[in-house]
Amino acid sequence: MVLSFPSPLRPPSRLASPPPLSLLRLGGASLAIVELSNSSLEMKRAEVDRCQIQEWYPKFKSASFKTRILQLPESFVEYLLDDFGPFVLPASVADEDALPNRVRNPVDEDDFQVSEGSDEDESERFPPPSFPDLELKVRESIESLGGAVFPKLNWSSPKDAAWISPSGTLRCTSFSEIALLLRSSDSLVHDLCHAYDSCSDRAASRPGSFFLALRKWHPGLRPEMEFRCFVSSRRLVGISQREVTTFYPVLLEKKDQLQELMEEFFEGRVRESFESERYAFDVYVTKDGTVKVIDFNTWGGSTLPLLFSWEELEAMGEGMAAEMRIVESQCGVRPGLKTAVPYDYVDTAPGSGWDHFMRKADEELNRHKGEPAGA
Ligand SMILES: Nc1ncnc2c1ncn2[C@@H]1O[C@H](COP(=O)(O)OP(=O)(O)OP(=O)(O)O)[C@@H](O)[C@H]1O
C-alpha cells in the first residue's frame, strides 16, 4: 500500500502555529509523541534576543564558522511572509541561476498538473519580485566565503526545507537557491512570527529587523562531533550528543576527553562573554580538538533538551559537576526529536493533507480487511 503526502508547499498553513504533536494511530502502528517546544519555561525577551546570530557572532567570530550577516529589507521579509500569493522566486539580476523562477503552488497531487494559460500570462499576472541590492550583497558574500554557504535568519536555518534543494542539503551557491529554501521553510516562520511566544515580557511578535546570515559551507561535518551544552546560573550543567538518533561507538571511547574540551571552552571563552544566566549552545569539535560554536539557543522555548529533559536540567543544582550524555548503545537511540520536519508531518488540521492521508489510509485498510489473509 503506497500512501503519499501532498507537497508541503501549501502556503496557508505556514504561518499558523504548529499544533503540538499527539499520538496518532494508523492501522495499529503509532507515531511518536513529540513535544516540539517547552513553553512552560518562561524567558525574557532579552534572553531570546541574545541568541540571534547578529548579536552573538561578533563576540564569537574567532571561535565560530566564518559568517557574513546582511540586514534584510522589509520588502524581502514581506516576500517571505507572503503565504497567499503564488510561489514565485525573485527575478535575478543575472540569468545565470539554474533554478526556474517560479515553482507552482500545489495544494494536492492534482495541482501538479499544468494549469491553463501560458507562462507569459502567468508572468504578467504575478510578476516576480526583485531585490537587486540584496542579491548583489549576497553574491559578494558567497564569493568571499569560498563559493558556497549555509543560510539562516536571526535564529534558525531553513533545515526543514533541505529536501527541496537539488543536493538535499542547505548548501547554497546563489541567491535563488537561498530564496527557495527560505521561502519553503516552516522552521523560519518561528523566527518571522513566533520568536517571542514564550516571553513573559513580550511587547511585539517580531524583532525590529531581520538578518540573513551566510555561513561558509563546511562539507563533511561529522554529526557525532556536534554537542549541545546547557548552562544554568552561568554554570555548565549538561552536555548532550546533538544527533540522538544514532549510536556512535567512538563517543564511548572519547567521552571524557570531549567533555574536558567543552568544559575548558565554556570556562575560557563563553561564560564571561555570553550575558544570559541560562541558555544552551551548540558546538562542533574538530579533528584537532578545537571547539567551534555553531549556535546559541534559549533555555526552553523551541530548544530541544535532547538526551535530557528540561525537568532534569532545571534540577541540576549548585555544586554538581556537569553531566555529559551520549547514546551508549544501539538500544539507546532516540526517535528523531527534530524541529526540522516538514510542516505536513505535524499539521493535522482540516485541509492539511493529513485528513486526506487518513481518509485514504482508512479506505485502504477497509479494503484490505475484506481480503483473505496473506493475499
Ligand atoms: N556552515 C555550515 N556548513 C555546513 N553545515 C552546517 C553549517 N552550519 C551548521 N551546519 C549544520 O546544520 C545544523 C543546524 O545548524 P544551526 O544550529 O545553525 O541551525 P538551527 O536552525 O539553529 O538548528 P537547531 O534549531 O536545530 O539548533 C548543524 O547542527 C550542522 O550540522
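Residues numbered from 1 in each chain as written. Predicted model: local features only at pLDDT ≥ 70, side-chain atom pairs only at ≥ 80, totals over all residues. Heavy atoms only, no water.

Peer 1: Give me the environment of R278: which residues, what numbers.
Peer 2: Mapped onto the elements of the fold, R278 is located in the loop between α8 (249–270) and β8 (279–285). On a C-alpha basis, the gap between R278 and F230 in space is 7.7 Å, while along the polypeptide they are 48 residues apart. A polar contact of 3.3 Å, which involves the side chain of R278, links it to the backbone oxygen of E42. (Helix = DSSP H or I, 4+ residues; strand = E, 2+ residues; numbered from the N terminus. Polar contact = N/O pair within 3.5 Å; in protein donor to acceptor, adjacent residues only side chain to side chain.)

Peer 1: Tell me about helix α7 (residues 187–194), and please be specific about residues and values.
Peer 2: In terms of residue burial, α7 counts as a mostly covered element, since seven of its eight residues are buried. If you check which residues of α7 are buried, you get S187, L188, V189, D191, L192, C193 and H194. Buried residues in α7 make contact with α3 (74–81) and α6 (175–184). (Buried < 20%, exposed > 50% of the residue type's maximum accessible area, 1.4 Å probe, protein only. Contact = heavy atoms within 4.5 Å.)

Peer 1: Please set out the site of the ligand residue by residue, giving values where relevant.
Peer 2: Residues in close proximity to the ligand total 19 residues, the closest being S157, K216, E226, R242 and D295. With respect to the ligand, the backbone of W155 contributes an N or O atom lying 3.3 Å from an oxygen atom. Residue E226 places a side-chain N or O atom 2.4 Å away from an oxygen atom belonging to the ligand. Contact with the protein chains hides 85% of the accessible area of the ligand, taken as 620 Å² for the molecule alone. Secondary-structure elements contributing two or more residues to the shell around the ligand are β4 (149–152), β5 (211–216), β6 (226–232) and β9 (291–297). Counting residues per element, the shell around the ligand draws most heavily on β9, which supplies three residues. Residues that form the shell around the ligand fall into these classes: six nonpolar, four polar and nine charged. Mapped onto the domain boundaries, the shell around the ligand takes at least three residues apiece from domain 1 (66–216) and domain 2 (223–332). (Near = heavy atom within 4 Å. Areas by Shrake-Rupley, 256 points an atom, 1.4 Å probe, with all protein chains shown as cover. Nonpolar A, V, L, I, M, F, W, Y, C, P; charged D, E, K, R; others polar. Domains from an automatic or database assignment.)

Peer 1: Hey, could you go over the sheet that holds β6 for me, with residue numbers and the actual values?
Peer 2: Backbone-to-backbone hydrogen bonds pair the strands of a sheet. The strands run either parallel or antiparallel. Overall, mixed pairing links the five strands, which are arranged β9-β8-β6-β7-β10 in an open sheet. Of all strands in the sheet, those with a lone pairing partner are β9 and β10 (323–325), marking the two edges. Each strand axis lies, on average, 25 degrees off the axis of its neighbour in the sheet, ignoring direction. Against the sheet, α8 contacts β6, β7 (235–241), β8, β9 and β10, and its axis sits at roughly 120 degrees relative to β8. (Pairing = 2+ DSSP bridges. Axes fitted to C-alpha atoms, helices over the stretch in contact; angles between N-to-C directions.)

Peer 1: If you had to explain the confidence of the model for the protein chain to someone new, which residues and values would you point to?
Peer 2: Within the protein chain, residue pLDDT values average 80, and 69% of them lie at 70 or more. Every residue in residues 95–115 is under pLDDT 50, and counting partners more than four places away or in other chains gives 44 contacts. (pLDDT = per-residue confidence, 0-100.)

Peer 1: Tell me what's going on with the pattern of salt bridges, and back it up with residues and numbers.
Peer 2: Counted according to the given criterion, the structure contains 15 salt bridges. Note that E275 and K59 form a salt bridge whose closest N and O atoms lie 3.5 Å from each other. Highlighted residues: E275 in the loop between α8 and β8 and K59 in helix α2 (residues 53–60), separated in sequence by 216 residues. In this structure, R325 engages E312 in a salt bridge whose closest nitrogen and oxygen atoms are separated by 3.0 Å. (Salt bridge = Lys/Arg side-chain N within 4 Å of Asp/Glu carboxyl O.)

Peer 1: I'd love a proper account of the side chain of Q54, names of residues and values included.
Peer 2: Mapping Q54 onto the fold places it in helix α2. Judged by its relative accessible area of 15%, Q54 falls in the buried class. Among the polar contacts listed, one links the side chain of Q54 to the side chain of Q52, at a separation of 3.1 Å. Not counting the four nearest positions on each side in its chain, Q54 is found in contact with I69, N154 and F211.

Peer 1: Go over the environment of S205, please, and point to the residues and values.
Peer 2: Tracing the backbone shows S205 in the loop between α7 and β5. A relative accessible area of 36% means that S205 is categorised as partly exposed. Sequence-wise, S205 and C193 are 12 residues apart; in three dimensions their C-alpha atoms are separated by 5.8 Å.

Peer 1: I'd like to hear about the nonpolar core, residue by residue, with values.
Peer 2: Core analysis: the biggest nonpolar cluster contains 40 residues, and F227, M262, V270, F281 and F296 have the highest contact counts within it. Looking at this core, the elements with two or more residues in it are α2, β6, β7, α8, β8 and β9. Sort the elements by how many residues they give to this core and α8 lands first, with six residues. Excluding residues that lie within four positions of it along the chain, V270 makes contacts with F60, F265, Y279, F281 and F296. Residues L70, L145, V149 and A162 belong to the second largest nonpolar core, which totals 33 residues. (Core = buried A, V, L, I, M, F, W, Y, C linked by side-chain atoms within 4.5 Å.)

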